[in-house]
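# Breakdown of the fold
Below are the chains, spelled out letter by letter.
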Amino acid sequence: MDSLKDVIEDAIHGTTVFERINALNPDYIPKNLPHREIQIRELTVNFRDILINPGSTSVRVVITGKTGTGKTVTAKKFGEIFSEIAKEKGLKIFYLHINCHRQRTLYLILMEIARQLNLQIPNRGLSSQETFKLIYDYLDKRNIQLILALDEFDYFISTSPVEDIYFLVRIYDELNALVKRIHYIFILREMSSLASLDKSIKDHVIKNIIEFHPYTSSDLFDILDDRIKTEKAFREGAVPEETIKFIADIYGVDKGGNGNARLAIETLELAGKIADTEGSPQVSIDHAKKANSKINPELSIIIDTIKDLDLHQLLVVKAIMNLHKKEGVDFFPMGRVEEEYNLVSRELGAPPRKHTQLFEYIRKLKLMGLIVARQSGKGMRGRTTLISLSVPLSTEFEDLINNEIRDKLLQQNNY
Ligand SMILES: Nc1ncnc2c1ncn2[C@@H]1O[C@H](COP(=O)(O)OP(=O)(O)O)[C@@H](O)[C@H]1O
Ligand SMILES: [Mg+2]
């Protein structure tokens, strides 16, 4: 047996599937944003007036969508490129990104704006109005247009006094400034968080709403693929397509997932680390499953829902489990699952259900996130549905399923 020092040395010098692992950081801004081109276009159309006719209006845009739909990264990317283009045209358009969860009060938000602008604010307890005036004068003197992205704005709304919200949103009424220099991107998780506001504030905020929908499986595939290949997060060939597809299918909104790109990227990174730990040169579907069971908070809920499955649904799960064990591959055609299910049912003295019923079980199990199903490529016999468990096979999981089946059989025989 190796000494522990050997173990550690070995892991330090061991091979790795990663090439640029920092490209998987949550704060990393990639070169491309697959499936957000339309939103970037919408942002541009709304803001191009400041390029064409600076100072005439104050632009306000709302970005809304669930967690992990790319709101933050898209706003930042837009800001970065848009101000770059302005610079090329000899205009000063600055983009400032403020996280209202981090800067929790109006005061802190104003201080953060000043800090990002490199503007010193005297330390003698200025009011918000006074501070804002300093910021505005600074912009005015240097002829700067400011795009202010207020991220996690839901949070500001739910925690700040109405006067503060009013102040931030209606600044120009306070200032009487003729030249408009400040433009807004309000980033919200839920439009409903605006419900509590006065109509007058709402009218100021709700102008142009850009929606970010949860990602589908194929969207997520492209996002992961881009991180792997374009951003070179992994070594060439280290992540097979089927692994990417597997992760994309777990989170794709069209496959019953939450459409969250952050979780998909995290799962990919963790799967890579598990591959490294096992000394594997490739990230396999099994690594992805293990990563998923660690990351996916819903998994413990899945375990609970197993208790609600009826006997034949459990037998389907057992059949897939058997196939995984026997054949050691990741996906099985529907026909194989059906054969195995028929076999398992007969063995246990429970007459198997019909084909159509089996399809219904598979559909339910998929909705519950317990299995992943996908269409095969066009083979000789046309397309078939391929099925895999979404959780790694473990003795705990196996025991759980077997115990539940036993209980259900006992119950049945007692009645
Ligand atoms: N279209 C996309 N292309 C590439 N990466 C994306 C895309 N959408 C989201 N991401 C990545 O997913 C993670 C979550 O995105 P984020 O912008 O923080 O979502 P939100 O702000 O909506 O919660 C980030 O790491 C981000 O870089
Ligand atoms: Mg965000």
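Calculation criteria
- Residues numbered from 1 in each chain as written.
- Chains lettered and ligands numbered in written order.
- Predicted model: local features only at pLDDT ≥ 70, side-chain atom pairs only at ≥ 80, totals over all residues.
- Heavy atoms only, no water.
- UniProt positions renumbered as here; feature names shortened; annotations may be inferred.
- Patch = residues over 30% accessible without salt bridge, like charges linked within 9 Å, V, L, I, M, F, W, Y side chains within 5 Å.
- Areas by Shrake-Rupley, 256 points an atom, 1.4 Å probe, with all protein chains shown as cover.
- Salt bridge = Lys/Arg side-chain N within 4 Å of Asp/Glu carboxyl O.
- Helix = DSSP H or I, 4+ residues; strand = E, 2+ residues; numbered from the N terminus.
- Contact = heavy atoms within 4.5 Å.
- Buried < 20%, exposed > 50% of the residue type's maximum accessible area, 1.4 Å probe, protein only.
- Near = heavy atom within 4 Å.
- Polar contact = N/O pair within 3.5 Å; in protein donor to acceptor, adjacent residues only side chain to side chain.
- Axes fitted to C-alpha atoms, helices over the stretch in contact; angles between N-to-C directions.
- Parallel < 35°, antiparallel > 145°, perpendicular 65-115°, else oblique.
- Nonpolar A, V, L, I, M, F, W, Y, C, P; charged D, E, K, R; others polar.
- Pairing = 2+ DSSP bridges.
- Domains from an automatic or database assignment.

The chain carries the name ORC1-type DNA replication protein in an unreviewed UniProt entry, which gives Sulfurisphaera javensis as its organism. Taken from UniProt, the Function (unreviewed entry) comment for the chain reads in full: "Involved in regulation of DNA replication."

Turning to a nonpolar patch on the surface, a few remarks are in order. Together, L4, V7, I8 and I12 line one region of the surface with nonpolar side chains, adding up to about 420 Å² of accessible area. Along the polypeptide, L4 turns up in helix α1 (residues 4-13).

The next thing to look at is the UniProt feature "binding site: ATP" (unreviewed entry) in the chain. Annotation from UniProt places "binding site: ATP" (unreviewed entry) at T69, G70, K71, T72, V73, Y215 and R227. For T69, the contacting residues outside a window of four places in its chain are R36, F212, H213, P214, Y215 and G259. When you line up the elements, R227 lands in helix α10 (residues 217-228). Since its relative accessible area comes to 8%, R227 is described here as buried.

With that settled, consider the site of ligand 1. In the region of ligand 1, 19 residues are neighbours, and P34, G68, K71, T72 and Y215 sit closest. Between ligand 1 and the protein, one listed contact pairs an oxygen atom with a side-chain N or O atom of T72 at 2.8 Å. Between an oxygen atom of ligand 1 and a side-chain N or O atom of R227, the distance comes to 2.9 Å. For ligand 1, the accessible surface in isolation is 560 Å², of which the surrounding protein chains cover 95%.

Axis separation between helix α15 (residues 311-327) and helix α17 (residues 355-367) bottoms out at 10 Å; the angle between their running directions is 75 degrees. When the axis of α15 is compared with that of α17, the two are roughly perpendicular. From α15, H312, Q313, V316 and V317 reach across to α17, where they touch L358, Y361, I362, K364 and L365. Taken together, the residues that form the contact of α15 with α17 break down as six nonpolar, two polar and one charged.

Turning our eyes to something else, we now look at the pattern of salt bridges. Applying the stated criterion to the full structure yields 21 salt bridges. With a shortest N-O distance of 3.8 Å, R20 and E231 are connected by a salt bridge. Highlighted residues: R20 in the loop between α1 and α2 (37-52) and E231 in the loop between α10 and α11 (241-251), separated in sequence by 211 residues. Judged by relative accessible area, R20 falls into the partly exposed class, the value being 31%. Taking the relative accessible area as the measure of exposure, E231 reaches 4% and is therefore buried.

A few words on the sheet that holds strand β5 (residues 208-212). A sheet is described by the order of its strands in space; here five strands give the open sequence β2-β3-β4-β1-β5, paired in parallel fashion. In this open sheet, the two edge strands, each paired with only one partner strand, are β2 (92-99) and β5. If you compare each strand with its neighbour and ignore which way they point, the axes differ by 20 degrees on average. Bridge analysis of strand β1 (residues 60-65) against strand β4 (residues 182-188) gives five bridges, and the strand direction is parallel. Bridged to I63 within β4 is I187. Its contacts with the sheet place helix α3 (residues 71-88) against β1, β2, β3 (144-151), β4 and β5, and it is angled at close to 165 degrees to β2. Set on the sheet, helix α4 (residues 106-117) makes contact with β2 and β3; between it and β2 the angle comes to about 140 degrees.

A separate point is the domain arrangement of the chain. For the chain, the domain assignment lists domain 1 (4-18 + 215-296), domain 2 (37-212) and domain 3 (302-414). Each of domain 2 and domain 3 was reduced to a C-alpha centroid, and the two centroids are 52 Å apart.

Let us now look at the pairing of β4. Extensive coverage of β4 is indicated by the burial of seven of its seven residues. Both faces of β4 are covered, namely the face carrying I182, Y184, F186 and L188 and the face carrying H183, I185 and I187. Pairing between β3 and β4: five bridges, direction parallel. Paired with L148 across the bridge in β4 is Y184.

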